[in-house]
Amino acid sequence: MIQVDKVTKTHRRGETEIPVLRGVSCEIPDGAFAYIIGPSGSGKSTLLYLLGALDRPTTGTIRIDGALTGEWSAERQDRFRRHDVGFIFQSFNLLENLTAVDNVLVPEIPRGIPPERRNEAERLLRELGLGDRLDHRPSQLSGGEQQRVAIARALLKRPRLVLADEPTGELDSENGSRIFEDLRRLQADQGATVVVVTHDQRYIRDRDLVLTIRDGVIARD
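Draft legend 1. Examining helix H4 (residues 115-127) more closely. Compared with an ideal rise of 1.5 Å per residue, which puts 13 residues at 18 Å, H4 spans 18 Å between its outermost C-alpha atoms and is within 8% of the ideal. Taken together, the buried positions of H4 are occupied by Glu120, Ala121, Leu124 and Leu125. One side of H4 carries all its buried residues, which in axial view fall inside an arc of 135°. Turned more than 90 degrees away from the buried face of H4, the exposed residues are Pro115 and Glu116.

Next up, the structure:
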């Protein structure tokens, strides 16, 4: 599904160029559960954002199903992010004035929210163990519950690709295990490709794809 070929990414601060990725090449098969691991500052999150078309490489190419993402128009990138990718971030990105259900439905607001979509959002939250939290606001939820709301929001679109950036970074071990169980269920039930950036290697299984980044290059996979 994903082919990364000699990708570099350089940030510019004033007159100074800061290389983050220095020639990353890898492949992530369709339906894989993949991890991107490595020390802080190695370029893990940068690579994840490139895979989600949130940014463009400085050089090199990324192909999704054979299509070069670098040739996509802004409209095509937006359509890919909106329909094909579910993003899960460490910070949850929930709106404090909305209930759990309404936070799941936020991406649907521009197009209007038919009753069947609200029913689907409620169903997802119940499946994630939040059936008694549907009308709770983020301040009334634990960290693990907030992250599960964020996961439900990503799942509502039934994405082909799920990108998670340190999804358990602020959670305890019990909640962290539950989050990864939810992600694996998504992979199994919907056939999604899941790519996770993490420092925590406790959740890696034998059949998972592991990409290790050090100093901006793939050190081992």
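Draft legend 2. Geometry of the pairing of strand E4 (residues 59-64). Examined bridge by bridge, strand E1 (residues 2-13) and E4 share five bridges and lie antiparallel to one another. Looking across to E4, one finds that threonine 8 is bridged to threonine 59. Two elements, E4 and strand E5 (residues 67-68), share two bridges in a ladder whose sense is antiparallel. Looking at the pairing, arginine 63 lines up with leucine 68 of E5.

Draft legend 3. Region of interest: the environment of threonine 212. With respect to the secondary-structure elements, threonine 212 resides in strand E9 (residues 209-214). Here the alpha-carbon distance between threonine 212 and tyrosine 35, two residues 177 residues apart in the chain, equals 8.2 Å.

Draft legend 4. Broad picture of the environment of arginine 185. For arginine 185, the position within the fold is in helix H6 (residues 173-190). Filtering out sequence-adjacent residues up to four positions away, arginine 185 remains in contact with Glu127, Leu128 and Gln190.

Draft legend 5. Spotlight on the side chain of lysine 9. Relative to the elements of secondary structure, lysine 9 occurs in strand E1. Side-chain polar atoms of lysine 9 contact the backbone oxygen of arginine 56, separated by 2.8 Å. Residues contacting lysine 9, with those up to four places away along its chain left out, are Ile18, Pro19, Val20, Leu21, Thr46, Leu50, Asp55, Arg56, Pro57 and Thr58.

Draft legend 6. Expanded view of the nonpolar core. Of all hydrophobic cores here, the largest spans 35 residues; its most connected members are Leu125, Val149, Leu183 and Val196. Those elements giving two or more residues to this core turn out to be strand E3 (33-37), helix H3 (100-105), H4, helix H5 (143-155), strand E7 (161-165), H6 and strand E8 (193-197). Among the elements that take part in this core, H5 stands out by supplying five residues, more than any other. Each residue touching valine 149, except ones within four places of it in the same chain, is listed here: Leu94, Ala100, Asn103, Val104, Leu125, Leu130 and Leu141. The next biggest cluster of nonpolar side chains, apart from the first, holds 28 residues, and it includes Val4, Val7, Ala32 and Ala34.

Draft legend 7. Focus on the side chain of asparagine 103. In this structure, asparagine 103 sits in helix H3. According to the relative accessible area criterion, asparagine 103 is buried, its value standing at 1%. Apart from residues no more than four positions distant in its own chain, asparagine 103 is found in contact with Leu94, Leu95, Leu98, Pro138, Val149 and Arg153.

Draft legend 8. Looking closely at the pattern of salt bridges. On inspection of all chains with the given rule, the structure shows 15 salt bridges. Between arginine 185 and aspartate 182 there is a salt bridge, with its nearest N and O atoms 3.7 Å apart. With arginine 185 and aspartate 182 both in helix H6, this residue pair falls three residues apart, about one helical turn. Of the charged contacts in the structure, one is a salt bridge between aspartate 200 and arginine 202, with a shortest N-O distance of 2.5 Å. The class of arginine 202 is exposed, set by a relative accessible area of 55%. If you follow the salt bridges from partner to partner, you end up with Glu120, Arg123, Glu127 and Arg158 in one network.

Draft legend 9. Main features of the pairing of E7. Burial runs high along E7: five of the five residues are buried. Residue alternation in E7 divides its side chains into two sets, Leu161, Leu163 and Asp165 and Val162 and Ala164, and both sets are buried. As paired elements, strand E6 (residues 85-89) and E7 share five bridges and run parallel to each other. Note that in E7 the partner of phenylalanine 87 across the bridge is leucine 163. By the bridge criterion, five bridges tie E7 to E8 in an arrangement that is parallel.

Rules of the game
Residues numbered from 1 in each chain as written. Predicted model: local features only at pLDDT ≥ 70, side-chain atom pairs only at ≥ 80, totals over all residues. Heavy atoms only, no water. Helix = DSSP H or I, 4+ residues; strand = E, 2+ residues; numbered from the N terminus. Expected span 1.5 Å × (residues − 1). Buried < 20%, exposed > 50% of the residue type's maximum accessible area, 1.4 Å probe, protein only. Arc of directions from axis to C-beta. Pairing = 2+ DSSP bridges. Contact = heavy atoms within 4.5 Å. Polar contact = N/O pair within 3.5 Å; in protein donor to acceptor, adjacent residues only side chain to side chain. Core = buried A, V, L, I, M, F, W, Y, C linked by side-chain atoms within 4.5 Å. Salt bridge = Lys/Arg side-chain N within 4 Å of Asp/Glu carboxyl O.

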